[in-house]
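Coordinate inspection notes
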Amino acid sequence: MGRKIPGKKHRGVKDPEKQRAKRLAELETKINAPPKDVQEQAIPKSLENLIKLKEAVKSGGEKPKSLHPKSQPEKAVPIFQQKPDESNNRFFYRVSQETHAFLNETAFERKYNVIVNRNSDTGEVEGLSKRPKNELDELERLRAKHKNIRKKKKNKEGEGDMSLTKSQKRRQKLLIKKKKKEEDLIDNFKTFQDEVKFGETVHAPPELVTRPKKANLTDNIKPGKKNLLLHSLFTKNGSSSSNSTKSVTIDRTGKRKNLPTSERRQLEKEQSSVIAAYRQLKARQSADVDT
């Protein structure tokens, strides 16, 4: 058991008025305090900002903000002044017309990526010039393009899903799971299985009639033609047996007990002689190593 931490005990009901008086006493020196000097009074922050703004206007206005080196220069906004002997209605109508023309012109420039050159004195259009490439605008355009492509893809996928019912969606999920399982089985070679019928017997593996193109010749050496350890002992016997007459071939694919007695005795004799020769050869090699 750990140490018991004593908690604060609430003995009785505390008076809320006493608590309020205590709280106000703590805040008495912080709020609603009289000024230190009665003759002076601090200026509010809002009034200070207003005075600074007036001084900036008198001195010639605020300094223009520094533009980004790759940013485009802002388009000059037309200044409207009421002409002499021009009524207010005509002035407002002219302002509205010029404002709409200005907005249409900026939209045209953005759409075709050009700049409309105007004469600074007369305001007449002198021609068009291609807007210089801006990396920021290009990145923004590409980002918006890719965003729209993603939206279209989502909408297409959503349309396909909306057309399906719940049972169809469930069936589709089951088909996807089944396909995944089949792919896993193919990877693990579980589908490549031989169907062996009941009672079927096999005495030897299948023989390949044709050799694959990319197979090495050393891999497909036939039995009896490999360069084995005892091959040197039977070279003489092989030369003598070639001169002898051909014997009748006997089927040796079955069990040894089913062979004729003479054939079985001959096989056992050959087996014992090969084992003895192998033992002599190994003993000779071990003796050579020791010396």
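Everything in this summary refers to the structure shown in the same document. (Residues numbered from 1 in each chain as written. Predicted model: local features only at pLDDT ≥ 70, side-chain atom pairs only at ≥ 80, totals over all residues. Heavy atoms only, no water.)

This part covers the overall build of the protein. Helix and strand counts for the protein stand at seven helices and two strands. The linear arrangement of helices and strands in the protein, starting from the amino end, is α-α-α-β-β-α-α-α-α. Considering the protein as a whole, with its 291 residues, one finds that 6% of them fall into the buried category. Within the protein, counting contacts between residues at least 6 apart in sequence, those at least 24 apart form 27% of the total. For the protein, the accessible surface area stands at approximately 29700 Å², while carbon and sulfur atoms represent 54% of it. (Helix = DSSP H or I, 4+ residues; strand = E, 2+ residues; numbered from the N terminus. Buried < 20%, exposed > 50% of the residue type's maximum accessible area, 1.4 Å probe, protein only. Contact = heavy atoms within 4.5 Å. Areas by Shrake-Rupley, 256 points an atom, 1.4 Å probe, with all protein chains shown as cover.)

Time to look at the pattern of salt bridges. Tallied over the full model, the rule gives four salt bridges. When the shortest N-O distance is used, the salt bridge between K45 and E48 registers 4.0 Å. In this pair, K45 and E48 both sit in helix 2 (residues 45-58), three residues apart, roughly one turn of the helix. The exposure class assigned to K45 is exposed, which follows from its relative accessible area of 61%. Linking E105 and R118 is a salt bridge whose minimum nitrogen-to-oxygen distance equals 2.8 Å. Of the two residues, E105 sits in helix 3 (residues 88-112) while R118 sits in strand 1 (residues 114-118), which places them 13 residues apart along the sequence. For R118, a relative accessible area of 42% puts it in the partly exposed group. Each of the salt bridges in this network shares a partner with another, and the network as a whole consists of E86, R94 and E98. (Salt bridge = Lys/Arg side-chain N within 4 Å of Asp/Glu carboxyl O.)

Let us look at helix 3. An ideal rise of 1.5 Å per residue puts 36 Å on 25 residues; helix 3 measures up with 36 Å between its terminal C-alpha atoms. All of the buried residues in helix 3 are F91, R94, F102, E105, T106 and E109. Close packing links the buried residues of helix 3 with strand 1. Looking one or two places after helix 3, you find N113, whose phi comes out positive at around 55 degrees. (Expected span 1.5 Å × (residues − 1).)

On to the pairing of strand 1. In this structure, strand 1 lies alongside strand 2 (residues 125-130), joined through five bridges in antiparallel fashion. The residue of strand 2 that forms the bridge with I115 is S129. If you look at the hairpin formed by strand 1 and strand 2, you'll find six residues sitting between the two strands, and G123 has a positive phi there, around 85 degrees. (Pairing = 2+ DSSP bridges.)

Bringing helix 7 (residues 261-290) into the picture now. In this model helix 7 runs 44 Å from its N-terminal to its C-terminal C-alpha over 30 residues, within 8% of the 44 Å that 1.5 Å per residue would give. E263, L267, A277 and L281 are the residues of helix 7 that are buried.

Let us now look at unusual backbone geometry. Even without glycine at this site, D85 takes up a positive phi of about 60 degrees. Its location among the elements puts D85 in the loop between helix 2 and helix 3.

Our next topic: the packing of aromatic side chains. Between two aromatic rings, the relevant description is the distance of the centres plus the angle of the planes. Counted under the stated rule, the structure contains two aromatic pairs. Both rings, one in F91 and one in F92, keep their centres 5.9 Å apart while their planes meet at 50 degrees; by these two values the pair is tilted. We classify F91 as buried; its relative accessible area is 13%. Assessed through its relative accessible area of 53%, F92 is described here as exposed. (Phe/Tyr/Trp six-rings, centres within 6.5 Å; stacked < 30°, edge-to-face > 60°.)

Once that is clear, we can look at the environment of K130. Tracing the backbone through its elements, the reader meets K130 in strand 2. A relative accessible area of 73% places K130 in the exposed class. Taking the C-alpha atoms as reference, K130 lies 6.1 Å from I115; in sequence the two are 15 residues apart. Those residues in contact with K130 that lie beyond four places of it in its chain are N113 and V114.

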